[in-house]
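Here are the chains, one letter per residue:
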Amino acid sequence: MRLSRYFLPVLKENPAEAQIVSHRYMLRAGMIKQQAAGIYSWLPMGFKVLKRIEQIVHEEQIRAGHIPLLMPTLQPADLWRESGRYDDYGAEMLRIKDRHERDMLYGPTNEEMITDIFRSHVNSYKDLPLTLYHIQWKFRDEVRPRFGVMRGREFLMKDGYNFDLTKEDALHAYNRHMVSYLRTYERMGLTAIPMRAASGPIGGDNTHEFLVLASTGESEVFYDDRVTALKLGDREVDFDNRAEVLGICEEFTSLYARTDETHDEAAFNQIPEAHRKVGRGIEVGQIFYFGTKYSEPMGATVVTAEGNRVPVEMGSHGIGVSRLLGAIIEASHDDKGIIWPEGVTPFHCGIVNLKQGDNATDAACEGLYKALKAKGLDPLYDDRDERAGAKFATMDLIGLPWRITVGPRGLANGVVELTSRRTGESEEMGAEAAVDRIAQIYAGI
Ligand code: ATP
Ligand code: MG
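Residues numbered from 1 in each chain as written. Chains lettered and ligands numbered in written order. Predicted model: local features only at pLDDT ≥ 70, side-chain atom pairs only at ≥ 80, totals over all residues. Heavy atoms only, no water.

**Q** It is not clear to me how the site of ligand 1 should be interpreted in this structure. Could you clarify?
**A** Around ligand 1 there are 14 residues in total, and Arg140, Glu142, Arg151, Gly152 and Glu283 lie nearest to it. Between Arg140 and ligand 1, the recorded distance is 2.9 Å, taken from a side-chain N or O atom to an oxygen atom. Arg151 is positioned such that a nitrogen or oxygen atom in its side chain is 2.7 Å from an oxygen atom of ligand 1. Considering ligand 1 on its own, with 580 Å² of exposed area, one finds that the protein chains cover 85% of that surface. Cavity membership is defined here by more than half of the atoms lying within 2 Å of grid points; on that basis ligand 1 lies in the largest pocket. Listed by contribution, the elements that provide at least two residues to the shell around ligand 1 are strand 8 (154–164) and strand 13 (276–291). If one sorts the elements of the shell around ligand 1 by residue count, strand 13 sits on top with 4 residues. Here the shell around ligand 1 is composed, by residue class, of 5 nonpolar, 4 polar and 5 charged. (Near = heavy atom within 4 Å. Polar contact = N/O pair within 3.5 Å; in protein donor to acceptor, adjacent residues only side chain to side chain. Areas by Shrake-Rupley, 256 points an atom, 1.4 Å probe, with all protein chains shown as cover. 1 Å grid on protein atoms, 1.4 Å probe; cavity = no way out; pocket = protein on both sides within 12 Å on 5 of 7 lines; lining within 4 Å. Sits in = over half its atoms within 2 Å of the grid points. Helix = DSSP H or I, 4+ residues; strand = E, 2+ residues; numbered from the N terminus. Nonpolar A, V, L, I, M, F, W, Y, C, P; charged D, E, K, R; others polar.)

Shown next as structure tokens:
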């Protein structure tokens, strides 16, 4: 993309309404625009990152054997009357009447609807196990929408639902979700710690939240800090292998890590003092096992091999897709702007032309731009007629992990400059070598 033709409405001033750094940078970098409290338009660069995050979520769900579908945002109230949650959910649910005076709602989550789909089409244990998921907008009329996309009213969530014959099978689905989530967050450059949590309105007795440590997080967390060093890496996982999946879950949950709701002071004090940490975290996902909480009242049953009809065992598993943008920025920025991890960056690298209008410099930038694109990369070329300082400030703010700077002085020596946004370190090299280096960096991502 050429910046002169893009839509990147960067703000020079700090917006007064933004209290935390991710909200401030998302507004300043022209990623989002608020349309009402907790409701945002996703401007092109914000939208691009959102799509990259979605893509990673999809890839990791599919790798785990889960199946995508799409349910609507609007739901009939009657489904929620069946589970009993229509009255329980309270003011967070946006209730709407259609022209026929029928009660509808904007879905805050989809347990009821997926259970309805299941009961309409599945009848036999032979069709199990089954895990369906979607990535869809949710609405929760939060009392205090704040911190930008972090606590919105309309927000994008991945929510997945497993259907199994036995509790044992459903717990395997739970574990599969835990492992797939670990890899999902790692690919986004995040350390998200699974912490034992309380279940809230979804219900159930087994649940973990995934928290990204950040001083601006809304949850108080208690943990053994050795948990932050655990990594899944590029370990190949056979998601059908129960022992292997369970082993990984045990590895990641054996150290103490809990939210305030499940915190146990006595157990916490067992941790060696040097590793005992109290901090704050951003909840970027949660997994639940809840058994037959929905299948029983809603009549979602299957016939077993013995011919008995039993309610299906279920769980639900969510990732805060739009919240993740905020969480990633909270975890990765400096005082000049965002520092995107390679896995989610809106553009792979920036090209800064230090002397727009100079024939040789323009030609070198064009050549780089085309060579990067020919390698399947997505560069952002700052071809505006602007001072170098302004171009650098924009690049630093929007946080592309790599920048290639092209100017007449370097070109006279046959070099351009490749700079890492994270370390600030620069290296001079020929244009071709810079293209190869960028291609190499992204080859494994
Ligand atoms: P919270 O405790 O933050 O209100 P929750 O526990 O009610 O969230 P879940 O039902 O677990 O939310 O939803 C799954 C994920 O969706 C959460 O882990 C979070 O990342 C995201 N999420 C929930 N509410 C919001 C919101 N208002 N804005 C943005 N993301 C949200
Ligand atoms: Mg939650």
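Once the structure has been displayed, the description carries forward.
**Q** How should I be thinking about the coordination of the magnesium ion (ligand 2) in this particular structure?
**A** Taken together, the protein ligands of the magnesium ion (ligand 2) are Glu283 (OE) and Gln286 (OE1), with distances of 1.9 to 2.1 Å. Overall, Gln286 belongs to the buried group, its relative accessible area being 10%. (Donors = N, O, S within 2.8 Å, 3.2 Å for Na, K, Ca; no water. Buried < 20%, exposed > 50% of the residue type's maximum accessible area, 1.4 Å probe, protein only.)

**Q** It is not clear to me how the state of the cysteines should be interpreted in this structure. Could you clarify?
**A** Each disulfide consists of one covalent bond between the sulfur atoms belonging to two cysteines. Counted according to the given criterion, the structure contains 0 disulfides. Between Cys365, a cysteine without a disulfide, and Cys349, which holds the nearest cysteine sulfur, the sulfur-to-sulfur distance is 11 Å. (Disulfide = S-S within 2.5 Å.)

**Q** Sorry, what's going on with the sheet that holds strand 6 (residues 103–106) here?
**A** The pairing of strands in a sheet comes from backbone hydrogen bonds and takes either a parallel or an antiparallel form. On the basis of which strands lie adjacent, the open sheet formed by 3 strands has the order 4-6-5 and antiparallel pairing. Two strands bound the open sheet, and with one partner strand each, they are strand 4 (74–76) and strand 5 (94–97). Strand-to-strand twist across the sheet, computed as the mean angle between neighbouring axes with direction ignored, equals 35 degrees. Both strand 5 and strand 6 contribute to a ladder of 4 bridges, which runs antiparallel. Looking across to strand 6, one finds that Arg95 is bridged to Leu105. (Pairing = 2+ DSSP bridges. Axes fitted to C-alpha atoms, helices over the stretch in contact; angles between N-to-C directions.)

**Q** Explain the pairing of strand 2 (residues 39–42) to me, please; I cannot follow it from the model alone.
**A** The two faces of the sheet receive side chains in turn, since in a regular strand these alternate between them. Residues Tyr40 and Trp42 of strand 2 are buried on one face, while the alternating residues Ile39 and Ser41, pointing to the opposite face, are not. Counted between consecutive antiparallel strands, the loop separating strand 1 (residues 32–36) from strand 2 contains 2 residues, among which Gly38 sits at a positive phi close to 70 degrees.

**Q** Whenever I open this one, unusual backbone geometry confuses me. Can you help?
**A** Cis peptide bonds are those with omega within 30 degrees of zero, and the linkage from Leu128 to Pro129 qualifies with 0 degrees. Tracing the sequence through the fold places Pro129 in the loop between helix 5 (111–121) and strand 7 (130–139). Phi at Glu101 is positive, roughly 65 degrees, even though this residue is not glycine. Summarising the element assignment, Glu101 is placed in the loop between strand 5 and strand 6.

**Q** Honestly, the packing of helix 6 (residues 167–187) against helix 7 (residues 242–253) in this entry has me stumped. Any pointers?
**A** To characterise two packed helices, one gives the angle between the axes of the helices and the distance between these axes. Contact pair helix 6 / helix 7: the axes reach a minimum separation of 9 Å and the direction vectors enclose 60 degrees. The angle between helix 6 and helix 7 falls in the class oblique. Note on packing geometry: the crossing formed by helix 6 with helix 7 is left-handed. Listed contacts from helix 7 to Glu168, Asp169, His172, Asn175, Arg176, Met178, Val179 and Leu182 of helix 6 are Arg242, Val245, Leu246, Ile248, Cys249, Phe252 and Thr253. Class assignment for the residues of the contact of helix 6 with helix 7 results in 8 nonpolar, 3 polar and 4 charged. (Parallel < 35°, antiparallel > 145°, perpendicular 65-115°, else oblique. Left-handed = near helix turned anticlockwise from the far one by under 90°. Contact = heavy atoms within 4.5 Å.)

**Q** What's the story with empty space enclosed by the protein in this structure? I'm lost.
**A** The gaps of empty space that remain are located by a probe, the size of a water molecule, rolled over the atoms. Following the criterion strictly, the structure yields 2 cavities of 30 Å³ or more and no others. Taken together, Leu182, Tyr185, Glu186, Leu190, Thr191, Ala192, Ile193, Pro194, Val227, Leu230, Lys231 and Phe252 form the lining of the largest cavity. Looking at the lining of the largest cavity residue by residue, the class counts come to 9 nonpolar, 1 polar and 2 charged. What the second largest cavity holds in volume is close to 60 Å³. If you trace the second largest cavity, you find it lined by Ile39, Tyr40, Trp42, Trp137, Val149, Gly152, Glu154, Phe155 and Ser322. (Points joined across faces, edges and corners; volume = space filled by probe spheres on them.)

**Q** Quick question: what am I supposed to make of the sheet that holds strand 23 (residues 426–429) here?
**A** The strand order 20-19-21-22-23 describes an open sheet built from 5 strands, whose pairing is mixed. Each edge of the open sheet carries a strand with a single partner, namely strand 20 (379–382) and strand 23. On average, each strand axis in the sheet is inclined to that of its neighbour by 20 degrees, with strand direction left out of account. Note: strand 21 (residues 402–406) against strand 22 (residues 416–420), 4 bridges, orientation antiparallel. For Ile404, the partnering residue across the bridge sits in strand 22 and is Leu418.

**Q** Which parts of the structure should I look at to understand the layout of surface pockets?
**A** A volume near 870 Å³ is recorded for the largest pocket. As for the largest pocket, its lining consists of 41 residues, and the residues nearest its centre are Arg140, Glu209, Glu283, Gln286 and Arg323. Those elements that provide at least two residues to the lining of the largest pocket are strand 8, strand 13, strand 16 (313–320) and helix 10 (321–331). When residues of the lining of the largest pocket are assigned to their parent elements, the largest contribution, 7 residues, is made by strand 13. Its residues assigned to classes, the lining of the largest pocket shows 13 nonpolar, 16 polar and 12 charged. Considering the residues around the second largest pocket, the lining is formed by 19 residues, among which Ile56, Arg187, Gly343, Gly444 and Ile445 are closest to the centre. When contributions to the lining of the second largest pocket are tallied by element, the ones reaching two or more residues are helix 2 (44–63) and helix 6.

On their own, these measurements won't tell you what the molecule is for.
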